[in-house]
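The lines below spell out each chain.
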Amino acid sequence: MTTSIKKEALEQWSRQDSADLYGVDNWGCGYFDINAKGELAVTPFGNAKGSVSLLDVVKGIQERGMDMPVLLRISNILESRIKLLHSSFQKAIKEAGYQGVYKGVFPIKVNQQQQVIEDIAKFGLEYHHGFEAGSKAELIAALGTMKDREACLVCNGYKDEEFIDLALYANKLGLKCFLVIEMLSELDVIAERSKVLGIKPRIGVRIKLSSRATGNWTESGGDRSVFGLNTSEIIWVVDKLRDLGLLDCLQLLHYHIGSQIPNIRDIRAGVQEASRVYVGLVEEGAKMGYLDLGGGLAVDYDGSHTNYHHSRNYTIDEYCVDIVETVGETLSAKGISHPTLITESGRATIAYFSVLLFNILEATKFEPAELPAELPEDANDMTKELLNIYNTINTRNLQEFFHDAIYYRDELRILFRNGRITLRERGLVEGLFWHIMVAVNRHVQKMKYVPDEFEGLDRVLADTYYANFSVFQSLPDSWAIKQIFPIMPIHRLLERPTREGILSDITCDCDGKIEQFVDLHDVRHTLPLHDLHDNEEYYLGAFLVGAYQETLGDLHNLLGDTNVVSITIDPVDGHFEFVKEIEGDSVGDVLSYVEYDPKLLRDSFKRKAERAVREHLITPAERREIMEAFENGINGYTYFER
Ligand SMILES: *Cc1c(COP(=O)(O)O)cnc(C)c1O
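Residues numbered from 1 in each chain as written. Predicted model: local features only at pLDDT ≥ 70, side-chain atom pairs only at ≥ 80, totals over all residues. Heavy atoms only, no water.

Undergrad: Tell me what's going on with the overall build of the protein, and back it up with residues and numbers.
TA: Counting its regular elements, the protein contains 23 helices and 23 strands. For the protein, the spread of C-alpha atoms along the three principal axes comes to 100 × 75 × 55 Å. Total accessible area on the protein is roughly 29,900 Å²; 49% of this is exposed by carbon and sulfur atoms. Counting 68 positive and 98 negative side-chain charges, the protein places the averaged centre of each group 3 Å from the other. (Helix = DSSP H or I, 4+ residues; strand = E, 2+ residues; numbered from the N terminus. Areas by Shrake-Rupley, 256 points an atom, 1.4 Å probe, with all protein chains shown as cover. Lys, Arg positive; Asp, Glu negative; His and termini not counted. Charge placed at Lys NZ, Arg CZ, Asp CG, Glu CD.)

Here it is as structure tokens:
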């Protein structure tokens, strides 16, 4: 009898190991932590007190009769983000002796859902946090929600007469509503409608800065931007307003050099240039008073704190200090009073607030066939070579043996086609080859510098975990622009994950998968995951999904909106409450979005069933059962239901 215990069993795996592996402390911004039970917890107050296990939330959701996937919103996090933005600006303003104030606005396009907009209005009240609207519908959402007259409402985008009238009426009601001119033609309409309605407009101009930001989302800024005016057009606007006697209405300068700006240098260059334009407008005689620096404050999705496009090389504090100091110094030098600062931070305000929770339906493992104890006597010499490679491969001969293995495998395939080796031997060859690749990959994973030819090997050898959600519906940017979101299991975090996998969603689209995961250096192509247990669900979360994902998502394969659940955590006792539940789309809902009438479908199916009764294919009682199944299908969730 042997008394030796396998080495792996002795190896401890702690919550810190999991935290390091998945980078929670890097991307979580203090809002997520692994608890003593090895479960991922939400910690909106940054301490253990208000810590809520996501697994407990999942159980609570299921007890209330809702299935995965679920989009979870944690309202305390939104509150914390708004507070953080304002306190950072206030601190910077105080330290720099800046004479103006800061007032944020939330760009509605980043998350338009009613509950979200209402929460922002509520949490923003004490800071006079307003909204930015880019279309009529967004303006109407803002007008219906805003109560705070001290907050700003900034109108960007294409504006027709109806849009302009609404904004003018908003001013009449006492709201601070700015019409930002993006195109010259808008000025005539604004001047005319303001005359007709007898309401003085608050006018802003959007400038195309020549400062450009690098990154994934920054095409919307810079000289080539479709939005905004260049400097000669701005001067034209000033002259025209002067002629119309409306120069006192020009109060705001706006720019937006792009979303997710990873490099603080680009932010500084933008503020610098805009401050100079502001000076120029004041010198031209415009009333001014507001400087709106747009969005761009980035989220550190991969936690690397670098100028990589999924990250940012600055903190919110640095962002605020740079803005406040630059504006203050540029204007003081010209003796111009400091304006109210506005930023339109969307992503940074809302990303942390939502988590997509989903279960894994099954996993297919990459596992090469088991090798026999020894090769047959009559095996081909090249097959023997492959075995030799398998037995002797090491870090030093890795590249050479990797090439040899591919060469022998290909030669042996040719021999098979020519009838020189048997099907059984070919099977053996393929098995040996994959065992060698697994060994190669083990060595590659330890390398600091990975030669190009090994790129992607980890992906080929990964397991596939089938995840109960749709990338197109819930993480559209992951598909469309290869954005990376942190993804990790929300439990079993005291266990070493033994598998490496990619995620495949339940659409039948080969793009419906995730093969890029966060890593401090570059990106990972596989995600460490646990072996699935029988009769036990395995839950994962995709994090930082609050910005842009909900409305950009689409109905690919007719997978609809997921269930949405909002919780609020009590900071004193750590209890959480389900404050809002919104059921996701039913099959009937999504069919009606693509112009079907579920009632007509039901009638037509019923006629088929009746014909089958007439033809004695089914009994009337069976018809009832079949119709019930059809009915349940129409009323059911579009995702996999256990
Ligand atoms: C999209 C957009 C924003 C939001 O940008 P974030 O990077 O999400 O903060 C702000 N302002 C304008 C004009 C926009 O188009």
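Now, onward.
Undergrad: Describe a negative patch on the surface, listing the residues and the values that go with them.
TA: A cluster of acidic side chains, namely Asp452, Glu453, Glu455 and Asp522, defines a negative patch on the protein surface. Among the secondary structure elements, Glu453 is positioned in the loop between helix H16 (423–445) and helix H17 (457–460). (Patch = residues over 30% accessible without salt bridge, like charges linked within 9 Å, V, L, I, M, F, W, Y side chains within 5 Å. Salt bridge = Lys/Arg side-chain N within 4 Å of Asp/Glu carboxyl O.)

Undergrad: Give me the environment of Cys29: which residues, what numbers.
TA: Here Cys29 shows up in the loop between helix H3 (24–27) and strand S1 (32–34). Judged by relative accessible area, Cys29 falls into the partly exposed class, the value being 35%. Residues Cys29 and Val299, 270 residues apart in the sequence, show an inter-C-alpha distance of 9.8 Å. When residues no more than four places from it in sequence are discounted, the contact partners of Cys29 are Arg81 and Tyr352. (Buried < 20%, exposed > 50% of the residue type's maximum accessible area, 1.4 Å probe, protein only. Contact = heavy atoms within 4.5 Å.)

Undergrad: Go over the sheet that holds strand S10 (residues 250–254), please, and point to the residues and values.
TA: Taken in spatial order, the eight strands line up as S5-S6-S7-S8-S9-S10-S11-S12 in an open sheet, and their pairing is parallel. Because the sheet does not close on itself, it has two edges, and the strands there are strand S5 (105–107) and strand S12 (340–342). Geometrically, the sheet is characterised by an average inter-axis angle of 25° between neighbouring strands, direction not taken into account. In this sheet, strand S11 (residues 290–292) lies alongside S10 in parallel orientation, the contact comprising three bridges. Across the sheet, residue Leu252 finds its bridge partner in S11, namely Tyr290. (Pairing = 2+ DSSP bridges. Axes fitted to C-alpha atoms, helices over the stretch in contact; angles between N-to-C directions.)

Undergrad: Could you give an account of the side chain of Ser566, naming the residues involved and the relevant values?
TA: Position of Ser566 among the secondary structure elements: in strand S22 (residues 563–569). You can call Ser566 buried: its relative accessible area is 1%. For Ser566, the side chain forms a polar contact with the side chain of Gln115, separated by 2.8 Å. Ignoring any residue separated from it by four or fewer positions in sequence, one finds Ser566 in contact with Arg73, Gln115, Glu577, Phe578, Val579 and Lys580. (Polar contact = N/O pair within 3.5 Å; in protein donor to acceptor, adjacent residues only side chain to side chain.)

In short, shape yes, function no, at least from these values alone.
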